[in-house]
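Listed below, chain by chain, are the residues.
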There are 2 protein chains.
Amino acid sequence: MDAESPISAEKYAADISSIREAHVRIKPFIHKTPVLTSESLNTLSGRELFFKCECFQKGGAFKFRGACNAIFSLDNDQAAKGVVTHSSGNHAAALALAAKLRGIPAHIVIPNNAPKCKVENVIRYGGQVIWSDVTIQSREDTAAKVMQETGAVLVHPFNDGRIISGQGTISLEFLEQVPQLDTVIVPISGGGLISGVTLAAKSINPLLRVLAAEPKGANDAAQSKAAGRIVKLRETNTVADGLRAFLGDLTWPVVRDLVEDVIVVDDEEIIDAMKLIYEILKVAVEPSGAIGLAAVLSDRFKKNPAWKDCNNIGIIISGGNLDLEVLWDSFRR
Amino acid sequence: MDAESPISAEKYAADISSIREAHVRIKPFIHKTPVLTSESLNTLSGRELFFKCECFQKGGAFKFRGACNAIFSLDNDQAAKGVVTHSSGNHAAALALAAKLRGIPAHIVIPNNAPKCKVENVIRYGGQVIWSDVTIQSREDTAAKVMQETGAVLVHPFNDGRIISGQGTISLEFLEQVPQLDTVIVPISGGGLISGVTLAAKSINPLLRVLAAEPKGANDAAQSKAAGRIVKLRETNTVADGLRAFLGDLTWPVVRDLVEDVIVVDDEEIIDAMKLIYEILKVAVEPSGAIGLAAVLSDRFKKNPAWKDCNNIGIIISGGNLDLEVLWDSFRR
């Protein structure tokens, strides 16, 4: 449906063309991540599940796709001044790594409660860390100050067409690897991942369903869908440290128009899913990355007659950056 | 070199033909496991590393390949009486799973110090557990008793041509996935894995080098190579619970003639490698599965001039069955 698609770059921040362009741009740098399956997990869920393992992406998360597309989209003058971002960790590390590949500086504003391993990744990839308070306000103010001082280009973690296009390349690979997919379940936070994945997937197969999975303690997307407008929460409380952001003005239209529904799960379900992914799939996953499996195993999904025909379900394991201590503490609860 | 190969079924318990036949037989049942790479680990080792992730195989280890080949090689009369084996766990679970697929009974003799998760796998796959003492003698006596009572066929964990042929299918996939491999490093225990992998790999590419990796506390293969005959140890002491067996009369000739050398590593190096595989590759690995990386990162390998031309190194991550508690305890040491 490329020719007369209602999914156009006029309406949304990306489309199948910008996503295909992103794929050409980033292909030399990214891993084409494998898809794993497990009969044990199929039996448990009553569906055929296909796990797209973005935890094996460079930097340990899907974020490298968008970051790489943003960095290699800059013209030489822009690039010379470097980039800046604020992030809980995975986007930060991804941007630092992509900047290193292009040989330009990356200034990374990190809230002081970010997981240790994510901060270590930023440092390993040569990013320059600037600490901020936990609030979005403090992060944004600190980033603005860096921009002023250095002339660096801001690369927002999700509310950016280049980022959305980069994340969308997952769908190009996934639908080639598993053409029979009829449903994709995607973690939702700021919405960059789900926007890109949805715009690409529904352009290739308009009948494919996209569902979001969101933690109960940061359920702004579910509330936004219900209200028909962006709802921001006063605070968030979830073990899924990568899913605490709120939708932006570029990601909300995609979620509003093209994402069928938001499945909300609680932290206990997320931890149970992490454990299954570790024990059965043998994959190290962070809480945010386990939420798709948590959703598909929840009664809200299993018993919903609207989704009884979702037979071949793609689940995006978004990342695997986790302090082992945290994993172990979660399991002992 | 298929036509006039010195690697023939007269000389060894398997050859490229029996391995190709095994592949046809088991292909409908096994996972074609992915190969992962990491620039961080390449930098650390100074080589290009390719990780064949048999931890993602059904049952969580390469053992399913051999077990599946053995089970589906049985004629109907043999199959009806079921199979029996003794194993520390991965072969046991694999045999139970393969037997379940053919719908025949599997009697599994397990030493009472086997890891919990491996025993759980046997039970999950419907295997009938018979406990024995830890010694090889006790295991063999118990298995013999079961054979007498049931008429079940013994499927030895490694000293069996059907098992060796099944494990050899790894090389068929690996050399197709990474044709530039010049070296493969393989964990060694009873020698079933390395025999199959070597016979296939060196038939396809006679110049390819195969090196074994063995724990210091169970270094019978290194001692056997040095002595020119099978050496058995009075006792073993290593964290790698899957690498405590000794070579058999069918696996020793392959190790003697075709495996270039045995790299011995200590438990601390194995645990460090497990940690790297967890943190960087995002893969849950058991100690035995991490030994290939431990070997390639050891000074004995890095500083050996004989191996300075080993540039594209395949490492077999043999399994991922591990109690999380054990992993965590190892890391805290």
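Residues numbered from 1 in each chain as written. Chains lettered and ligands numbered in written order. Predicted model: local features only at pLDDT ≥ 70, side-chain atom pairs only at ≥ 80, totals over all residues. Heavy atoms only, no water.

To be explicit about the condition: UniProt positions are given in the numbering used here, feature names are shortened, and annotations may be inferred rather than shown by experiment.
By the naming in an unreviewed UniProt entry, chain A goes by Serine racemase and is assigned to Erythroxylum novogranatense. One UniProt comment on chain A, placed under Sequence similarities (unreviewed entry), says "Belongs to the serine/threonine dehydratase family."

**A look at the overall build of chain A**
This is how it is decided: A helix here means a DSSP run of H or I that spans at least four residues, while a strand means a run of E at least two residues long, and both kinds are numbered starting from the N terminus. The rule is simple: take the accessible area with a 1.4 Å probe, protein chains only, and divide by the maximum for that residue type; under 20% is buried, over 50% is exposed, in between is partly exposed. Each accessible area is a Shrake-Rupley estimate made with a 1.4 Å probe; only the visible protein chains count as cover when residues are assessed. Neither His nor the chain ends contribute to the count of charged residues, in which Lys and Arg are positive and Asp and Glu negative. Where a charge sits is defined by one atom per residue type, namely NZ (Lys), CZ (Arg), CG (Asp) or CD (Glu).
In terms of regular secondary structure, chain A is built from 15 helices and 10 strands. With 333 residues in all, chain A has 63% of them scored as buried. In the form shown here, chain A has an accessible surface area of approximately 12700 Å², with 48% of it arising from carbon and sulfur atoms. Taken together, the 36 basic and 39 acidic charged side chains of chain A have centroids lying 1 Å from each other.

**So, the nonpolar core**
Stated precisely, the cut-off is as follows: Grouping buried Ala, Val, Leu, Ile, Met, Phe, Trp, Tyr and Cys residues that are joined through side-chain atoms within 4.5 Å yields what is termed a nonpolar core. We call two residues in contact when some of their heavy atoms are within 4.5 Å.
Phe 51, Phe 301 and Leu 327 of chain A together with Phe 51, Leu 293, Phe 301 and Leu 327 of chain B are the most contacted members of the largest nonpolar core, which totals 87 residues. By residue number, the principal contributor to this core is helix H12 (residues 267-281) of chain B, which donates nine residues. Each residue touching Phe 51 of chain B, except ones within four places of it in the same chain, is listed here: Pro 34, Val 35, Leu 36, Leu 41, Leu 281, Leu 293, Ile 315 and Ile 317 of chain B.

**As for the sheet that holds strand S3 (residues 83-86) of chain B**
Inclusion rule: Whether two strands pair depends on DSSP finding at least two bridges between them.
The strand order across the open sheet built from four strands is S5-S4-S3-S6 (chain B), with neighbouring strands paired in parallel fashion. Each edge of the open sheet carries a strand with a single partner, namely strand S5 (128-132) and strand S6 (153-154) of chain B.

**What to know about helix H15 (residues 324-332) of chain A**
Threshold: As used here, the arc belongs to the directions running from the helix axis to the C-beta atoms.
Buried residues of H15 of chain A: Leu 324, Leu 327, Trp 328, Ser 330 and Phe 331 of chain A, and no others. Buried residues of H15 of chain A, viewed axially, fall in a sector of 160°; they line one side. Contacts made by the buried residues of H15 of chain A are with helix H12 (267-281) of chain A together with H12 and helix H15 (324-332) of chain B.

**Some thoughts on the environment of Asp 299 of chain B**
Residues and elements named next belong to chain B. Among the structural elements, Asp 299 can be located in helix H14 (residues 299-302). Given a relative accessible area of 45%, Asp 299 falls into the partly exposed group. Along the sequence, Asp 299 and Val 265 sit 34 residues apart, while their C-alpha atoms lie 9.9 Å from each other.

**Considerations on the interface of chain A and chain B**
Spelled out, the test is: By definition, the buried area sums, over both parts, the 1.4 Å-probe accessible area that each loses when the two are put together. Within this document, salt bridges are pairs made up of a side-chain nitrogen of Lys or Arg and a carboxyl oxygen of Asp or Glu, the two lying within 4 Å of each other. By the criterion applied in these results, polar contacts are pairs of N or O atoms within 3.5 Å in which, for protein atoms, one can donate a hydrogen and the other can accept it, and in which residues neighboring in sequence qualify only through two side-chain atoms.
At the interface, 24 residues of chain A touch 24 residues of chain B. For the chain A and chain B pair, buried surface summed over both sides reaches about 2200 Å², with 64% attributable to carbon and sulfur atoms. A salt bridge links Lys 58 of chain B to Glu 39 of chain A; the shortest N-O distance between them is 3.1 Å. Run the count over chain A and chain B and you get 10 residue pairs in polar contact (both at pLDDT 80 or more). Contributions of two or more residues to the side of chain A that touches chain B are made by helix H2 (39-45), H12 and H15 of chain A.

**Let's talk about helix H13 (residues 287-297) of chain B**
The element H13 of chain B is largely enclosed, with a buried count of 10 among its 11 residues. Within H13 of chain B, burial applies to Pro 287, Ser 288, Gly 289, Ala 290, Ile 291, Gly 292, Leu 293, Ala 294, Ala 295 and Val 296 of chain B.

**Considering the relation of the copies chain A and chain B**
There are two copies of the chain, and a rotation about an axis plus a shift along that axis relates them. Defined as follows: Only residues with pLDDT of at least 70 in both copies contribute their C-alpha atoms to the least-squares superposition of the copies.
Superposition of chain A onto chain B requires a rotation of 180° combined with a translation of 0.0 Å along the rotation axis, giving an RMSD of 0.0 Å. Considering both components of the superposition, the chain copies are consistent with a two-fold axis. Proximity to the rotation axis, assessed at the C-alpha, singles out Val 283 of chain A in chain A; its C-alpha lies 2.4 Å from the axis. Interface overlap between copies is the fraction of interface residues in one copy that are interface residues in the other; for chain A against chain B it reaches 100%, indicating a shared surface.

**Focus on the pattern of salt bridges**
Close approach of charged atoms allows side chains of opposite charge to pair. Tallied over the entire structure, the rule returns 28 salt bridges over all chains. When the shortest N-O distance is used, the salt bridge between Arg 162 of chain B and Asp 160 of chain B registers 2.6 Å. Overall, Arg 162 of chain B belongs to the partly exposed group, its relative accessible area being 25%. Using a relative accessible area of 9% as the deciding quantity, one classes Asp 160 of chain B as buried. The network of salt bridges with shared partners includes Lys 52, Glu 54, Arg 65 and Glu 173 of chain A.

**Structural notes on the sheet that holds strand S4 (residues 106-111) of chain A**
Residues and elements named next belong to chain A. The sheet built from four strands is open, its strands ordered S5-S4-S3-S6 with parallel pairing. Looking at the sheet topology across the chains shown, the edges are occupied by strand S5 (128-132) and strand S6 (153-154). Where S4 meets S5, five bridges bridge the pair, whose relative direction is parallel. Across the sheet, residue Pro 111 finds its bridge partner in S5, namely Ser 132.

**Thoughts on the confidence of the model for chain A**
Quick note on the threshold: Per-residue confidence from the predictor is reported as pLDDT, which spans 0 to 100.
In this model, chain A carries an average pLDDT of 93, and 97% of its residues clear a pLDDT of 70 or more. Here the prediction assigns the complex a pTM of 0.93, and the interface score ipTM is 0.91.

**Digging into the pairing of strand S10 (residues 312-317) of chain A**
Two faces make up the sheet, and in a regular strand the side chains alternate between them. All names here are of chain A. S10 sits mainly inside the fold: six of its six residues count as buried. Every second residue of S10 is oriented toward a common face, with Asn 312, Gly 314 and Ile 316 on one face and Ile 313, Ile 315 and Ile 317 on the other, all of them buried. Inspection of the sheet shows strand S7 (residues 183-187) paired to S10 by three bridges, in the parallel sense. Counterpart to Ile 185 in the pairing with S10 is Ile 315.

**Side note on the side chain of Ser 288 of chain A**
Positionally, Ser 288 of chain A belongs in helix H13 (residues 287-297). When sequence neighbours within four positions are dropped, the list of residues in contact with Ser 288 of chain A reads Pro 187, Ala 240, Asp 241, Gly 242, Leu 243 and Ser 318 of chain A.

**A word on the packing of helix H5 (residues 90-102) of chain B against helix H6 (residues 116-124) of chain B**
Residue and element names in this part refer to chain B. Here is the rule we go by: Working convention: axes come from line fits to C-alpha atoms, limited for helices to the stretch in contact. Angles between N-to-C directions cover 0 to 180 degrees. Roughly parallel refers to an angle under 35 degrees, roughly antiparallel to one over 145, roughly perpendicular to one between 65 and 115, and oblique to any angle outside these ranges. Throughout, the ten residues Ala, Val, Leu, Ile, Met, Phe, Trp, Tyr, Cys and Pro are labelled nonpolar, Asp, Glu, Lys and Arg are labelled charged, and all others, Gly among them, are labelled polar.
Look at H5 against H6: their axes get within 8 Å of each other, and the N-to-C directions meet at 10°. As the angle between them shows, H5 and H6 are arranged roughly parallel. Here H5 contributes Asn 90, Ala 92, Ala 93, Ala 96 and Lys 100 to the contact with H6, which in turn contributes Lys 118, Asn 121, Val 122 and Arg 124. Taken together, the residues of the contact of H5 with H6 sort by class into four nonpolar, two polar and three charged.

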